[in-house]
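# Coordinate analysis (summary)
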Amino acid sequence: MKCSYCSKDIEGGTGFAYVRKNGSVRYYCTGRCKKLNLVQNRKLRKES
Ligand SMILES: [Zn+2]
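The model shown is predicted, which means the values in this text are computed figures rather than measured ones. (Residues numbered from 1 in each chain as written. Predicted model: local features only at pLDDT ≥ 70, side-chain atom pairs only at ≥ 80, totals over all residues. Heavy atoms only, no water.)

### Quick notes on the overall build of the protein
What counts is decided by this rule: Runs of H or I in DSSP of at least four residues are treated as helices and runs of E of at least two as strands, each being numbered from the N terminus. Remark: exposure states derive from per-residue accessible area (1.4 Å probe, protein chains only) relative to the maximum for the residue type, with buried under 20%, exposed over 50%, and partly exposed in between. Contact definition: two residues touch when any of their heavy atoms are within 4.5 Å. Accessibility throughout is a Shrake-Rupley quantity obtained with a 1.4 Å probe, and a residue counts as covered only by protein chains that appear here.
Regarding its fold elements, the protein presents 1 helix and 2 strands. Counting from the amino terminus, the protein carries its helices and strands in the arrangement β-β-α. Each principal axis of the C-alpha atoms in the protein carries an extent, and together these give about 35 × 20 × 15 Å. Each of the 48 residues in the protein was classed as buried or not, and the buried ones make up 17%. Long-range pairs, those at least 24 residues apart, make up 27% of the contacts in the protein between residues at least 6 apart in sequence. Element-wise, carbon and sulfur atoms account for 50% of the exposed surface of the protein, whose accessible area totals about 4000 Å².

Here you go:
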C-alpha cells in the first residue's frame, strides 16, 4: 500500500492507519505525513 500523503510505498507492519469519520481508511508512512495531511485537509475545508 502507499502513503496517502506522499505516495511512498509503505512496508508491511510500518506506518500509520487513520480511519476517517466516513469509514474510509488512509495510510501514512510516518506520523509526519499523517499530521501534514490532516492539517492540509483542515485548510482545504476552511477555504471551500
Ligand atoms: Zn508519506
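The structure having been displayed, the exposition proceeds.
### Things to note about the nonpolar core
Selection rule: Buried Ala, Val, Leu, Ile, Met, Phe, Trp, Tyr and Cys residues that are joined via side-chain atoms within 4.5 Å together make up what is termed a nonpolar core.
If you look at the biggest cluster of nonpolar residues, it comprises 5 residues: Cys3, Ile10, Tyr28, Cys29 and Cys33. Discounting chain neighbours no more than four positions away, the residues touching Cys3 are Lys8, Ile10, Tyr27, Tyr28, Cys29 and Cys33.

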